[in-house]
Amino acid sequence: MDYLRAARRRQNSKEGYWILGIDPEAAAHVRLAGFPLSRPATGLVFSDGFGSLVFDYHRYEPADFVRRAAAEGLQPLLAEIRKIEREEDPACLLWPRFKRHDDATAILFRVEP
């Protein structure tokens, strides 16, 4: 929890990092990047809460995570997140976090030729 609290204190500060949120100054710190994309392509944009299956709970590799979302939709992944939070770590001890349920938002998209 100390690590999480220290990381949260660094949010949206010169010494830390910027996240989009209610602080209007965050928009000045947005970075744009381009990359080549072979079409057709499937992608997934998600909040840290939705990405917890990859980055916190280590249930998927990133590419497998996107493939599963494309094959089955977002709802089964959200159900898996909530099951972990509810049944495997309701006290937030295995995977320390500030609250039992984080937001879990995602957009699955496909770019056609």
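Residues numbered from 1 in each chain as written. Predicted model: local features only at pLDDT ≥ 70, side-chain atom pairs only at ≥ 80, totals over all residues. Heavy atoms only, no water.

Trainee: So what exactly am I meant to see when it comes to the overall build of the chain here?
Mentor: Helix and strand content of the chain: four helices and two strands. N-terminal to C-terminal, the α/β element order of the chain is α-β-α-α-α-β. Taken over 113 residues, the chain has a buried fraction of 26%. Across the chain, contacts joining residues at least 24 apart in sequence account for 57% of those joining residues at least 6 apart. When the accessible surface of the chain is totalled, it reaches about 8200 Å², and 57% of it is carbon and sulfur. A distance of 1 Å separates the average location of the 17 positive side-chain charges in the chain from that of its 17 negative side-chain charges. (Helix = DSSP H or I, 4+ residues; strand = E, 2+ residues; numbered from the N terminus. Buried < 20%, exposed > 50% of the residue type's maximum accessible area, 1.4 Å probe, protein only. Contact = heavy atoms within 4.5 Å. Areas by Shrake-Rupley, 256 points an atom, 1.4 Å probe, with all protein chains shown as cover. Lys, Arg positive; Asp, Glu negative; His and termini not counted. Charge placed at Lys NZ, Arg CZ, Asp CG, Glu CD.)

Trainee: Explanation requested: the nonpolar core in the structure shown.
Mentor: Nonpolar side chains in soluble globular proteins tend to be buried together. Ranked by size, the top nonpolar core spans 14 residues in total, and within it Leu44, Phe50, Leu53, Tyr60, Phe65 and Leu77 carry the most contacts. Of all elements in the fold, only α2 (52-55), α3 (62-72) and α4 (75-88) reach the threshold of two or more residues within this core. Of the residues forming this core, the biggest block, three residues, is contributed by α4. Filtering out sequence-adjacent residues up to four positions away, Phe50 remains in contact with Leu44, Phe65, Leu74, Leu77, Leu78, Ile81, Asp103, Ala104, Thr105 and Ala106. (Core = buried A, V, L, I, M, F, W, Y, C linked by side-chain atoms within 4.5 Å.)

Trainee: How do you make sense of the layout of surface pockets when you look at a structure like this?
Mentor: Over the atoms, a rolled probe matching the size of one water molecule traces out where space is still vacant. Of the volumes computed, that of the second largest pocket is approximately 240 Å³. Lining the second largest pocket, in full, are Tyr17, Trp18, Ile19, Leu20, Ala26, His29, Val30 and Arg31. Within the lining of the second largest pocket, the residues separate by chemical class into six nonpolar, one polar and one charged. (1 Å grid on protein atoms, 1.4 Å probe; cavity = no way out; pocket = protein on both sides within 12 Å on 5 of 7 lines; lining within 4 Å. Points joined across faces, edges and corners; volume = space filled by probe spheres on them. Nonpolar A, V, L, I, M, F, W, Y, C, P; charged D, E, K, R; others polar.)

Trainee: I keep staring at a nonpolar patch on the surface and nothing clicks. Help me out?
Mentor: Among the surface-exposed residues, Leu20, Val30 and Leu32 lie close enough to one another that they form a single nonpolar patch of about 380 Å² accessible area. By the secondary structure assignment, Leu32 is in the loop between α1 (2-10) and β1 (41-46). For Leu32, a relative accessible area of 83% gives the class exposed. (Patch = residues over 30% accessible without salt bridge, like charges linked within 9 Å, V, L, I, M, F, W, Y side chains within 5 Å. Salt bridge = Lys/Arg side-chain N within 4 Å of Asp/Glu carboxyl O.)

Trainee: Which parts of the structure should I look at to understand the side chain of Glu85?
Mentor: Inspection of the secondary structure puts Glu85 in helix α4. Given the relative accessible area of 2%, Glu85 is considered buried. Polar side-chain contacts of Glu85 include one of 2.7 Å to the side chain of Arg82. For Glu85, the residues in contact, after removing those within four places along its chain, are Tyr57, Pro90, Arg97, Arg100, His101 and Asp102. (Polar contact = N/O pair within 3.5 Å; in protein donor to acceptor, adjacent residues only side chain to side chain.)

Trainee: I keep staring at unusual backbone geometry and nothing clicks. Help me out?
Mentor: In terms of backbone geometry, most residues other than glycine have negative phi values and most peptide bonds are trans. The omega torsion of the bond from Arg39 to Pro40 falls at 0 degrees, within 30 degrees of zero and hence cis. Residue position: Pro40 is located in the loop between α1 and β1. Positive phi, normally seen in glycine, also occurs at Asn12, with a value near 50 degrees. By relative accessible area, which is 21% here, Asn12 ends up partly exposed.

Trainee: Mind showing me how you'd approach the environment of Thr105 here?
Mentor: Along the polypeptide, Thr105 turns up in the loop between α4 and β2 (106-111). For the pair Thr105 and Asp64, spaced 41 residues apart in the sequence, the C-alpha separation amounts to 18 Å. Every residue in contact with Thr105, bar those within four places of it in the chain, is listed here: Val45, Phe46, Ser47 and Phe50.

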